[in-house]
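# Residue-level structure breakdown
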Amino acid sequence: MFRKGKINRDILLLIFILSAGGMMAIGRFYDERLELLGINFSIIFSSIFTLSFFSVLFLVKSIKIDLNKILLYIFYCLIIISTLILWSIYGVTDYGLVKFFNLVLIPLPISLVIIEKFNNRDRDLMITILLGISVLLLLFTLFSFSTLSSSRTGVLGGGPIVLSRWLCFGAIVVLFHPKIKRFKFIYLILFILASLFTGSRGPIFSLFLVMILYFFFNFRKVFLRTIILLSFLISILFFTGLFDQLSQYNNVSRVFMNIGEGGFNKPNNRSYIFESSIQEIISYPLGVGSGNFVEYTEDPSFFKNKDLFYPHNLFFEILCEFGIITFLVFMIYLLQSLLSFKINLFNKRETRNMMFYTFAFLFFNSMVSGDLNDARLLFVFIPLMLVKENE
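Bear in mind that the values here come from a model prediction, so they are computed numbers and not experimental data.

Extensive coverage of helix α19 (residues 376-385) is indicated by the burial of 10 of its 10 residues. Of the positions making up α19, those classed as buried are Arg376, Leu377, Leu378, Phe379, Val380, Phe381, Ile382, Pro383, Leu384 and Met385.

Right, dumping it as structure tokens:
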């Protein structure tokens, strides 16, 4: 028979994981867009999430200190402290305020619970919930196909970049999930095609890099199969005319713009944003505060006219807004987490391999698109990777 304490723990963690998945999907602690019949459902979700978080905290009887935990705590403490100090110097924007509180109120509590209370079963359930969100978004995307094929938009209030990231996340998890065997490649193709129609290049590019990484680590085992599969897909795309048909959609052609139309030479591309970020880091090495990147660039009007408020690179964003000290702690935390995880990288534990390649996708994606809040999946996956199998 199960002990009462064990049942209470499982129930509380189940509620927390479900509510955490909902908060990860929404991405905001309060979202005015989620109002129906005069009821704002984000308030309901946030309340359940907060109550379950504090309830789970009471389950923590003792804290085992290790280097990964210390670095995680220091990183978030520096985020909070540096933000409050820098805001007092450089000012506060609405965007910076929203971004800061969403980071502190969503990824931070989820990471704390994961690193203190999760075992491998809780980790697997969390991944299943996140995959379920990706599947739900895929269904909404398919039902909204006529809208997506004619304009860059998202579903359920989210933008096209966020939607594409969730769809590619689903593709990665489906591809490497040890329990998904049947129709794996059908699901994969659906996720990728849906992502193409969002018109967002970053997630697709990151997915491509993960495939290269997997090929590199498994060269001997997958070389022949990869050549056969690629030949088959390329033949279908070109000999059936499918590639030409897809290219007629503006969103799909936009994904391949940098290759086909010299996108890297255009003045509004990522390279200009990165150059501006480097100049700002040199001018303000200790940061300018959450959300103030665009306020202190050399050409703020260029970014504001294009509604660009962040560097589109997680490293640059941390450096610009929180300073070099916070960035160095984050880098140490990231590298230490990978070193702790490396023991399981080359073994036959398929779940651990799925975790690694999912992390790789989220990391690559954070280097080319999205802001700090959009990187919430990455912040949550780092402690998820550190959950020990034998717990």
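What follows continues from the structure just given.
End to end, helix α6 (residues 120-143) covers 35 Å across 24 residues, agreeing with the expected 34 Å (1.5 Å per residue, within 8%). Among all positions in α6, only Asp122, Arg123, Met126, Ile127, Ile129, Leu130, Leu131, Ile133, Ser134, Leu137, Leu138 and Thr141 are buried. Measuring from the side-chain oxygen of the N-cap residue of α6 to the backbone nitrogen of Arg121 gives 3.1 Å; that N-cap residue is Asn119.

With that out of the way, let us pick up the packing of aromatic side chains. Aromatic rings in a pair are described by how distant their centres are and how their planes are angled relative to each other. All told, the structure shown has 26 aromatic pairs when counted by the stated rule. Between Trp166 and Phe169 the ring centres are 5.8 Å apart and the planes differ by 80°, which places this aromatic pair in the edge-to-face class. Within this pair, Trp166 and its partner Phe169 are both found in helix α8 (residues 160-176), separated by 3 residues, close to a single helical turn. The class for Trp166 is buried, based on a relative accessible area of 3%. Taking the relative accessible area as the measure of exposure, Phe169 reaches 0% and is therefore buried. For the ring pair Phe176 and Tyr357, a centre distance of 4.6 Å and an interplane angle of 15° mean the geometry is stacked. Of the two residues, Phe176 sits in helix α8 while Tyr357 sits in helix α18 (residues 350-366), which places them 181 residues apart along the sequence. By relative accessible area, Tyr357 is classed as buried at 4%. Of the aromatic side chains, those joined through ring pairs into one cluster are Phe75, Tyr76, Phe315, Phe327, Phe330, Phe359, Phe363, Phe364 and Phe379.

Rules used throughout
- Residues numbered from 1 in each chain as written.
- Predicted model: local features only at pLDDT ≥ 70, side-chain atom pairs only at ≥ 80, totals over all residues.
- Heavy atoms only, no water.
- Buried < 20%, exposed > 50% of the residue type's maximum accessible area, 1.4 Å probe, protein only.
- Helix = DSSP H or I, 4+ residues; strand = E, 2+ residues; numbered from the N terminus.
- Expected span 1.5 Å × (residues − 1).
- Polar contact = N/O pair within 3.5 Å; in protein donor to acceptor, adjacent residues only side chain to side chain.
- Phe/Tyr/Trp six-rings, centres within 6.5 Å; stacked < 30°, edge-to-face > 60°.

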